[in-house]
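Chain by chain, the residues run as shown.
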Amino acid sequence: MPPVPNKKAYSRKDLSRLSTFYSIPINQPANLHEVLMVKGSLSAQRLLTSVQMTQSDMTEHLSRELWMRVYNRDQDISKNESLLEALRSLGVPEDRAKGLVESINDSKVKEKLKEVTNEALSYGAFGAPMIIARDENNEEHFLFGSDRMELLASILGEKYEGPLLQYAVTKL
């Protein structure tokens with residue numbers, strides 16, 4: 001499908017608005033197509049899987065660091081050295097960092113990633129963020145997108161007060 005110039009321009013502006021609204025430092029990579037479609041994130045996904053399997057308390061921190069590398073600093077997450085840099089930035093000792101990066105080739109790590117990917121696909125996943133929530137009747141609800149928090153709160157029977165409530169000047 002050929003690129004749609006109006007959508008590309010809109011998306012860049014919308015990304016800037018979202019960055020400001022959520023106080024998240026988003027900067028689209030210079031070559032988004034190369035980052036997403038050529039280099040990909042398989043090595044980073046395997047690293048996160050390995051960390052989840054062995055040091056789950058570090059998974060969120062590493063996930064955030066890898067995201068920042070791509071969507072804030074336009075840095076690589078596909079090469080082993082890049083993954084080592086991400087781990088080092090979190091204070092992971094060098095020998096442990098090297099072991100984690102080496103583990104991305106381990107068959108158990110690869111199988112676990114396939115397992116969770118297949119589980120997501122069984123729910124109908126087609127991208128991220130994907131949320132599966134159960135309501136008070138234990139009915140599953142599949143939600144896609146970061147703009148579904150109000151709907152998620154409704155499903156869970158919770159009041160949604162918006163993002164970054166601590167910064168709100170007025171209460172609507």
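Further up the page is the structure itself.
This structure is a prediction, so every number in the text was calculated from the model and none was measured.

What counts and what doesn't
- Residues numbered from 1 in each chain as written.
- Predicted model: local features only at pLDDT ≥ 70, side-chain atom pairs only at ≥ 80, totals over all residues.
- Heavy atoms only, no water.
- Helix = DSSP H or I, 4+ residues; strand = E, 2+ residues; numbered from the N terminus.
- Axes fitted to C-alpha atoms, helices over the stretch in contact; angles between N-to-C directions.
- Parallel < 35°, antiparallel > 145°, perpendicular 65-115°, else oblique.
- Left-handed = near helix turned anticlockwise from the far one by under 90°.
- Contact = heavy atoms within 4.5 Å.
- Nonpolar A, V, L, I, M, F, W, Y, C, P; charged D, E, K, R; others polar.
- Salt bridge = Lys/Arg side-chain N within 4 Å of Asp/Glu carboxyl O.
- Buried < 20%, exposed > 50% of the residue type's maximum accessible area, 1.4 Å probe, protein only.
- Core = buried A, V, L, I, M, F, W, Y, C linked by side-chain atoms within 4.5 Å.
- Phe/Tyr/Trp six-rings, centres within 6.5 Å; stacked < 30°, edge-to-face > 60°.
- Arc of directions from axis to C-beta.

What follows deals with the environment of Ser 154. Structurally, Ser 154 is set in helix H8 (residues 149–156). Spatially, the C-alpha atoms of Ser 154 and Val 51 are 33 Å apart, while their sequence positions differ by 103 residues.

Quick look at the packing of helix H5 (residues 80–89) against helix H6 (residues 94–102) now. One way to put it is that H5 packs onto H6 with a least axis distance of 9 Å and a crossing angle of 135 degrees. Between H5 and H6, the interaxial angle falls into the category oblique. When you trace H5 past H6, the crossing you get is right-handed. Packed against H5, whose contacting residues are Asn 80, Leu 83, Leu 84, Leu 87 and Arg 88, the element H6 presents Glu 94, Ala 97, Lys 98, Leu 100 and Val 101 at the interface. Residues that form the contact of H5 with H6 fall into these classes: six nonpolar, one polar and three charged.

Let's shift gears to the pattern of salt bridges. Any two side chains of opposite charge can pair, given that their charged atoms come close. Applying the stated criterion to the full structure yields twelve salt bridges. The salt bridge partner of Arg 88 is Glu 94, with a shortest N-O separation of 2.8 Å. For Glu 94, a relative accessible area of 33% puts it in the partly exposed group. Taken together, the shared-partner salt bridges connect Glu 81, Arg 88 and Glu 94 into one network.

Counting 18 residues, the largest nonpolar core has Leu 47, Leu 62, Leu 66, Leu 83, Leu 87 and Leu 100 as its most contacted members. For this core, the secondary-structure elements that each account for two or more residues are helix H3 (42–54), helix H4 (59–71), H5 and H6. Of the residues forming this core, the biggest block, four residues, is contributed by H5. Residues contacting Leu 62, with those up to four places away along its chain left out, are Leu 47, Leu 48, Val 51, Ala 86, Leu 87 and Leu 90. Of all hydrophobic cores here, the second largest spans five residues; its members include Ile 131, Ala 133, Leu 143 and Leu 152.

We now examine the packing of aromatic side chains. Enumeration according to the criterion identifies four aromatic pairs in this entry. Summarising the aromatic geometry, the rings of Phe 21 and Tyr 22 are spaced 4.9 Å apart at their centres and angled 85 degrees between planes, so their arrangement reads as edge-to-face. For Phe 21, a relative accessible area of 52% translates into the label exposed.

Here we come to the packing of H3 against helix H7 (residues 107–122). The N-to-C vectors of H3 and H7 enclose an angle of 100 degrees; their axes lie 9 Å apart at closest approach. Comparing the axis directions of H3 and H7 gives the class roughly perpendicular. Each of Leu 42, Gln 45, Arg 46, Thr 49, Ser 50 and Met 53 in H3 lies in contact with H7, whose residues at this interface are Lys 108, Val 109, Lys 110, Lys 112 and Leu 113.

Here H8 has its buried residues at Leu 152, Ala 153 and Ile 155. One side of H8 carries all its buried residues, which in axial view fall inside an arc of 160 degrees. Facing away from the buried surface of H8 by more than 90 degrees, the exposed residues are Glu 150 and Ser 154. Positive phi appears at Gly 157, one or two residues downstream of H8, with a value of about 70 degrees.

Below, the discussion takes up H6. Among the residues making up H6, those that are buried are Ala 97, Leu 100 and Val 101. Summarising the axial view, the buried residues of H6 lie within an arc of 95 degrees, below the 170-degree limit, and thus occupy one face. Those residues of H6 that are exposed and aimed more than 90 degrees away from the buried face are Asp 95 and Glu 102. Residues of H6 that are buried in the fold lie against H3 and H5.

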